[in-house]
Structure formats: structure tokens, C-alpha cells
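The lines below spell out each chain.
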Amino acid sequence: MEIEIATIGGYEEVGRQMTAVRAGSDVVVFDMGLNLSQVLIHDNVETEQMHSLDLIDMGAIPDDRVMSDLEGDVQAIVPTHGHLDHIGAISKLAHRYDAPVVATPFTIELVKQQVQSENKFNVGNDLVKMDPGSTMSIGDSGKVELEFVNVTHSIIDAINPVLHTPEGSVVYGLDKRMDHTPVIGDPIDMKRFREIGREGEGVLCYIEDCTNAGHKGRTPSESVARKHLRDVMYSVEDYDGGIVATTFSSHIARVTSLVEFAKDIGRQPVLLGRSMEKYSGTAERLDFVDFPDDLGMYGHRKSVDRTFKRIMKEGKENFLPIVTGHQGEPRAMLTRMGRGETPYELEDGDKVMFSARVIPEPTNEGQRYQSERLLRMQGARIYDDIHVSGHLRQEGHYEMLDALQPQHVIPAHQDLEGFAPYVDLAEGQGYALGRDLHVTRNGNMIQLVE
Ligand SMILES: [Zn+2]
């Protein structure tokens with residue numbers, strides 16, 4: 001059976017991930033993501049109104065025109081998890097394929113919300129839920145199967161999809177860290193990865209997220225970030241002024257820890273900002289978390305401002321607002337607080353907790369700098385980097401290669417500079433560039449079996 005890989009997006013950047021695998025006449029697409037920084041750099045761009053070709057020209061979504069060179073039928077579109085760089089282009093591209101979107105329940109729910117807010121296209125693809133650990137047959141040959149292996153990442157319900165073919169498995173490894181003690185959900189299923197590496201024809205190809213390949217050692221577990229956060233929160237238990245926290249809205253485990261520790265130090269947590277309400281509300285509705293009954297979640301400007309007024313009236317010392325804006329996004333809640341645009345008044349000595357790290361990218365770094373300066377000018381004390389990454393470091397990459405023993409490796413989820421440390425690591429394991437280690441760019445085809 002012919003096996004061909006199309007590296008469509010996310011091979012020159014972090015963002016707009018999209019990869020297609022053809023096994024005989026069946027094609028499966030992994031991820032259809034958005035490069036948000038290419039959108040935010042333009043003022044007032046409303047992607048909901050925009051046409052796909054304009055977004056492709058902007059570099060915001062994958063240029064999937066290369067798909068017409070793949071001789072086969074798309075049987076499934078498979079986003080690995082709910083981050084925008086993996087699902088954000090589904091509303092712009094999926095309707096061109098006569099295939100269902102197949103993903104875990106939380107991811108499917110986020111895809112559904114995105115498709116519903118799309119104004120330009122009518123995306124009618126079936127949305128099919130599949131749990132981690134499950135499999136489904138692909139196409140009519142009876143020879144190709146899709147499996148979801150449970151992984152751990154900075155969002156719940158993440159998987160690595162595996163396409164089993166007669167020529168071996170293709171393992172799509174975006175995005176994960178090796179967490180054996182996650183705060184929510186099951187640990188990463190390393191046992192299954194080791195089995196896949198040994199059964200049948202073994203692993204034909206492994207496509208890997210190289211984000212942290214330049215970092216030595218191992219990425220700590222979410223339980224380490226939780227301990228760090230507890231230490232910081234308990235240290236300010238006696239402070240009788242304002243404390244505000246921010247983190248990734250989609251990071252449900254972290255939001256849960258913040259809510260819990262707020263209660264521990266005698267404060268009422270409240271989630272503020274549109275995406276806070278969206279992700280936490282969805283996780284609660286789907287029973288991934290059990291928040292306290294009195295936890296308020298407010299997304300609309302008016303209800304947010306009303307809540308801030310209530311906090312000021314009843315006393316800042318009684319509340320912990322958990323808000324959007326950890327990257328200094330200009331329209332996010334924390335940035336608005338820094339500019340003094342909300343009824344919440346920061347005073348000398350008030351604490352601001354960033355349970356996040358700045359994404360190392362010039363736009364983010366600049367915006368975050370500005371936001372922090374504004375907060376400091378009002379007297380706020382900043383607690384930074386209360387965080388662990390969601391991506392593998394070197395020893396995790398080594399362990400994955402050791403478990404899977406892939407014949408071919410394709411580095412992904414980075415630019416050329418980001419691929420370099422992974423190439424070094426893989427060469428150390430006996431792979432050779434141009435032979436079985438394929439550094440590639442957006443829009444290329446790699447034929448593995450002819
Ligand atoms: Zn991710």
C-alpha cells in the first residue's frame with residue numbers, strides 16, 4: 001500500500017497545524033489550525049467574516065491547495081486537541097471535504113462552538129466523538145484503522161492519533177508532555193505507545209512536536225505547577241487587599257487549581273472574560289470538572305463590569321478574580337484592568353499572579369511587557385511564571401523514539417531554527433537527515449512507501 005504524507009501547515013511556524021496521511025486511496029487529515037499571531041497583528045480583523053483564500057494569504061490558516069495532489073479521498077479530519085492552532089481553521093476549510101471531524105468529546109464541543117460562530121461558510125461536516133483508547137476503521141479496504149492514544153497536554157482530552165496501515169503505523173505526535181500525575185484525567189498511555197512500537201510492522205513514521213526540543217531534561221508534571229501555585233497562593237493568605245490571577249482559559253486543570261486555592265485562603269473565586277466563561281463552562285457541562293456551585297463565570301462586558309463593581313463594594317480582600325490576559329492581549333481583561341478601564345481599582349501592594357509563561361514570540365513579549373508595566377504603574381506586585389509547559393523536552397523526545405522505534409521521523413510544530421535541536425537529538429539516535437529524518441516545509445509531499 002502506498003503511504004504518503006503531506007506536510008501542509010505548521011512546518012514553518014508554531015500555528016496553523018495541518019498534516020494529511022494517504023494510505024492507499026484513503027486520506028486522513030490531522031489538525032486544521034489557525035496561526036493566531038498572523039491575525040492579531042492586523043487591527044480589528046474579524047476572522048468570522050473572512051474568506052479562506054484571504055486567510056491563507058495572511059498566513060493565518062494552512063494552504064490546503066496541495067491536497068489536490070493527493071490521490072485519495074479524505075475519510076476523516078482529526079484534530080488532536082482543542083487549542084486554536086489545531087482546530088482554528090476547521091470552520092474555514094472543513095466544508096471542502098466530504099468527511100466527518102473525529103475527535104474526543106471536549107475537542108468536538110469546542111469545534112462545534114467554533115463552527116456555530118462562523119459567518120462566511122456553512123460547515124456541515126458530521127462531528128463524531130471518539131474516546132481516548134478507541135479505534136475506528138477508515139475507508140472500505142478494511143486494512144486501515146484510526147486509534148486515539150491518551151496523552152497529557154495543557155488542555156484536557158488530548159490524544160495522539162495513530163493510523164494503522166499494512167505498512168506499519170503512522171503516529172501523529174502533536175502536542176503532549178509525559179505526565180504520570182496529571183491534575184485532571186488519565187496519565188499519558190506510554191504502555192500503548194510501547195506496544196505500538198513492537199506490534200505488526202512497527203511504526204513506519206512518527207511526526208513529532210519539536211516545541212521544547214532545545215530544553216534539557218524532562219517537562220515537569222502539572223502536579224508540580226499545582227504545588228508551585230499553592231505555595232504562592234498560601235504565601236499571600238494574610239494579605240488584605242486585591243489579588244488577581246490569570247492563566248490560559250483553556251487550561252482547565254490550572255483554572256481548577258486556582259479556584260480551589262482561592263477557597264483555601266478564604267477568597268471567593270470568580271472567572272471573568274469571554275474565553276474563561278467559554279472553556280470552563282464547556283468543561284463543567286461535559287462533567288470534566290466539578291466547580292463549586294457558587295463559582296461565577298462571566299463573559300459579557302456588562303456582567304463583568306457589574307461583578308467588578310460588586311467586588312469593589314463588598315471588599316477586594318474577599319475575592320480572587322481569575323481573568324484573561326496572561327499574554328498581555330490588548331483586549332483581554334487583565335490588560336483592561338491595567339489601563340484602568342474596569343471598575344476594579346488596583347492599589348499599592350495588590351498581587352497579580354501570572355500562572356503562565358510568555359510565549360516566546362515578539363508580539364506576545366511586547367504586549368506582555370506593556371501590560372505588566374501598566375499594572376506596576378498602579379502599584380501591583382507581579383508573581384510570574386507559575387507554570388509548566390505542555391510540551392516534551394529532550395528526555396521526553398528520547399523516550400518517545402525509544403518506545404516507538406519509528407522507521408521515519410518528521411519534525412513538526414516549529415520553524416527551521418526550532419527543528420535544529422530535534423534533528424541533533426534524532427541523529428544521536430541513529431537517524432540521518434535526508435534518509436529517514438525528514439525536515440520539511442509547508443506544502444510538501446513525502447512518499448514513504450511507493
Ligand atoms: Zn496544544
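Residues numbered from 1 in each chain as written. Predicted model: local features only at pLDDT ≥ 70, side-chain atom pairs only at ≥ 80, totals over all residues. Heavy atoms only, no water.

> Could you give me a rundown of the environment of Gly10, with the residues and numbers involved?
Positionally, Gly10 belongs in the loop between strand 1 (3–9) and strand 2 (18–23). Note: C-alpha distance between Gly10 and Asp209 (199 residues apart in sequence) is 9.8 Å. Apart from residues lying up to four places away in sequence, Gly10 is in contact with Gly15, Arg16, Gln17, Ala412, His413, Gln414 and Asn442. (Helix = DSSP H or I, 4+ residues; strand = E, 2+ residues; numbered from the N terminus. Contact = heavy atoms within 4.5 Å.)

> Account for the pairing of strand 13 (residues 268–272), with residues named and values stated.
Buried residues dominate strand 13, accounting for 4 of its 5 residues. One ladder, built from 5 bridges, connects strand 13 with strand 15 (residues 319–323); its direction is parallel. Bridging across to strand 15, Leu272 finds its partner in Val323. Examined bridge by bridge, strand 13 and strand 14 (residues 296–298) share 3 bridges and lie parallel to one another. Along strand 14, the bridge assignment pairs Leu272 with Tyr298. (Buried < 20%, exposed > 50% of the residue type's maximum accessible area, 1.4 Å probe, protein only. Pairing = 2+ DSSP bridges.)

> Which residues make up the environment of Leu229, and what values go with them?
Checked against the element boundaries, Leu229 lands in helix 7 (residues 222–235). The buried category is assigned to Leu229, whose relative accessible area is 0%. With 172 residues separating them along the chain, Leu229 and Leu401 place their C-alpha atoms 32 Å apart. Setting aside residues no more than four positions away along its own chain, Leu229 makes contact with Arg254, Ser257, Leu258, Phe261, Ser355 and Ile386.

> Lay out empty space enclosed by the protein in plain terms, naming residues and giving numbers.
Counting across every chain of the model gives 1 cavity of 30 Å³ or more. In this structure, the largest cavity spans a volume of roughly 40 Å³. Lining the largest cavity we find Met178, Arg218, Thr219, Leu392, Arg393, Gly396 and Glu399. Of the residues contributing to the lining of the largest cavity, the split by class is 2 nonpolar, 2 polar and 3 charged. (1 Å grid on protein atoms, 1.4 Å probe; cavity = no way out; pocket = protein on both sides within 12 Å on 5 of 7 lines; lining within 4 Å. Points joined across faces, edges and corners; volume = space filled by probe spheres on them. Nonpolar A, V, L, I, M, F, W, Y, C, P; charged D, E, K, R; others polar.)

> Could you give an account of the sheet that holds strand 7 (residues 135–138), naming the residues involved and the relevant values?
What the 6 strands build is an open sheet, ordered 7-8-9-10-11-18; its pairing is mixed. Of all the strands in the sheet, the pair left with one neighbour each is strand 7 and strand 18 (408–412). Neighbour to neighbour, the strand axes of the sheet diverge by 20° on average, direction disregarded. As judged from the 4 bridges shared by strand 9 (residues 159–165) and strand 10 (residues 168–173), these two strands associate in the antiparallel manner. Counted as the bridge partner of His164 is Ser169 from strand 10. Of the strands in this sheet, strand 8 (144–150), strand 9, strand 10 and strand 11 (203–209) touch helix 6 (residues 190–198), which is tilted by about 150° from strand 8. Where helix 13 (residues 394–404) meets the sheet, it contacts strand 10, strand 11 and strand 18, and its direction lies at approximately 165° from that of strand 11. (Axes fitted to C-alpha atoms, helices over the stretch in contact; angles between N-to-C directions.)

> Describe the coordination of the zinc ion, listing the residues and the values that go with them.
Looking at the metal site, the zinc ion is ligated by His81 (NE2), His83 (ND1), His153 (NE2) and Asp175 (OD), spaced 2.2 to 2.4 Å from it. Taken together, the 4 donor atoms coordinating the zinc ion span angles of 91 to 168° at the metal, a pattern that classifies the geometry as irregular. If you list the donors of the zinc ion from N- to C-terminus, the spacing comes out as H-x1-H-x69-H-x21-D. Taken as a pair, His83 in the loop between strand 4 (73–78) and helix 3 (84–87) and Asp175 in the loop between strand 10 and helix 6 lie far apart in primary sequence, 92 residues in all. Of the residues examined, His83 reaches a relative accessible area of 16% and is grouped as buried. Residue classification places Asp175 among the buried residues on the basis of a relative accessible area of 1%. (Donors = N, O, S within 2.8 Å, 3.2 Å for Na, K, Ca; no water. Tetrahedral: all angles 85-135°; square planar, octahedral: opposite > 155°, others 65-115°.)

> Account for the layout of surface pockets, with residues named and values stated.
If a probe as big as a water molecule is rolled over the atoms, it shows which places are left empty. Computed from the structure, the second largest pocket encloses a volume of approximately 270 Å³. What lines the second largest pocket is a set of 22 residues, and nearest its centre among them are Ile156, Asp157, Ile184, Gly185 and Asp186. Residues that form the lining of the second largest pocket fall into these classes: 11 nonpolar, 6 polar and 5 charged.

> Explain the UniProt feature "binding site: Zn(2+) 2" (unreviewed entry) in the protein to me, using residue names and the numbers behind them.
Annotation from UniProt places "binding site: Zn(2+) 2" (unreviewed entry) at Asp85, His86, Asp175 and His413. Spatially, the listed residues are clustered: although they cover 329 residues, their C-alpha atoms lie within 10.5 Å of one another. Setting aside residues no more than four positions away along its own chain, Asp175 makes contact with Thr80, His81, His86, Val151, His153, Asn160, Asp209, His391 and His413. A polar contact of 3.4 Å, which involves the side chain of Asp175, links it to the side chain of His153. (UniProt positions renumbered as here; feature names shortened; annotations may be inferred. Polar contact = N/O pair within 3.5 Å; in protein donor to acceptor, adjacent residues only side chain to side chain.)

> If you had to explain the sheet that holds strand 17 (residues 381–383) to someone new, which residues and values would you point to?
Judged by pairing direction, the sheet is parallel, and its 6 strands sit side by side in the order 14-13-15-12-16-17 without closing on themselves. The strands lining the two open edges of the sheet, one partner per strand, are strand 14 and strand 17. Across the sheet, the axes of successive neighbouring strands diverge by a mean angle of 20°, strand direction being ignored. The sheet contact formed by strand 12 (residues 243–247) and strand 15 spans 2 bridges and is parallel. Pairing of Ala245 across the sheet is with Ile322, part of strand 15.

> Can you lay out the pattern of salt bridges for me, pointing to particular residues and giving the numbers?
As enumerated under the stated definition, the model contains 29 salt bridges in all. Of the charged contacts, one joins Glu222 and Arg177 as a salt bridge, the two residues approaching to 3.3 Å between their closest N and O atoms. Taken together, the residues Glu222 in helix 7 and Arg177 in the loop between strand 10 and helix 6 connect sequence positions 45 residues apart. One exposure class covers both Glu222 and Arg177, and it is buried. Its salt-bridge partner being Glu195, residue Lys191 comes within 3.4 Å of it at the nearest N-O pair. Taken together, the positions of Lys191 and Glu195, both in helix 6 and 4 residues apart, correspond to about one turn of that helix. What you see here is one network of salt bridges that share partners, running through Glu147, Lys191, Arg192, Glu195 and Glu199. (Salt bridge = Lys/Arg side-chain N within 4 Å of Asp/Glu carboxyl O.)

> Give a description of the side chain of Lys351 that names residues and reports values.
Residue placement: Lys351 occurs in strand 16 (residues 351–355). No salt bridge is formed by the buried Lys351. Its closest oppositely charged neighbour is Asp350, at 7.1 Å. The contact partners of Lys351, leaving out residues within four places of it in the chain, are Val236, Tyr239, Gly242, Ile243, Val244, Arg381 and Tyr383. (Lys, Arg positive; Asp, Glu negative; His and termini not counted.)

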